[in-house]
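# Coordinate analysis (summary)
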Amino acid sequence: MSVFKEFRDFAVKGSVIDLAVGVIIGAAFGKIVDSLVNDIVMPLISVLLGRHIDFSNLFIVLGSIPENVPRTLDALKKAGVPLFAYGNFITIAINFVLLAFVIFQMVRIANKVRVKDAPPPPPTPEDIVLLREIRDSLKK
């Protein structure tokens, strides 16, 4: 029974609950970044390149395509045609870079807030100050 008690104590600790909340918020935040990349950043990149590019449909066919299969990523995948789908990788890499940058900024801000909230060091006791003055005067 002690194993179950230890597990219960571990599961209800604040740090485990904080971790669970962090994972849930992180998943929701990941969806926001996905939307940012797919709905805002990638269309802007397409406009800057001068033509509409759907990065998720960029691929290179590595095998032969059957005659009656359309040349779309989904249709070719369903048909089992080997593909080098680099466009989806580009989108996911941009997602990662943006997510990492935003998390970096959040941690940076949190660290600044923590430093400001830290209590100032206690003043040096008078006897130590006097001993330092005596030491400094003896050095001279």
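For the structure itself, look to the data block above.
Read on for a plain summary of the structure. (Residues numbered from 1 in each chain as written. Predicted model: local features only at pLDDT ≥ 70, side-chain atom pairs only at ≥ 80, totals over all residues. Heavy atoms only, no water.)

### Some thoughts on the environment of Pro121
Stated precisely, the cut-off is as follows: Only DSSP runs of H or I with at least four residues qualify as helices, and only runs of E with at least two residues qualify as strands; both kinds are numbered from the N terminus onward. A simple rule labels every residue: compare its accessible area, found with a 1.4 Å probe on the protein chains alone, to the largest value its type can have, and call it buried under 20%, exposed over 50%, or partly exposed in between.
Tracing the backbone shows Pro121 in the loop between α4 (86–117) and α5 (126–139). A relative accessible area of 70% places Pro121 in the exposed class. Separated by 13 residues in the primary sequence, Pro121 and Ile134 place their C-alpha atoms 23 Å from one another.

### Details of the pattern of salt bridges
Put simply, the test is: A side-chain nitrogen of Lys or Arg and a carboxyl oxygen of Asp or Glu constitute a salt bridge if their distance falls within 4 Å.
Taken as a whole and assessed by the stated rule, the structure comprises one salt bridge. Between Asp136 and Arg135 there is a salt bridge, and its shortest N-O distance comes to 3.4 Å.

### Some words on the environment of Gly50
Looking at the secondary structure, you find Gly50 in the loop between α2 (14–48) and β1 (60–61). A C-alpha to C-alpha distance of 74 Å links Gly50 and Lys139, two positions 89 residues apart in sequence.

Keep in mind that these numbers describe shape and distance, not what the molecule does.
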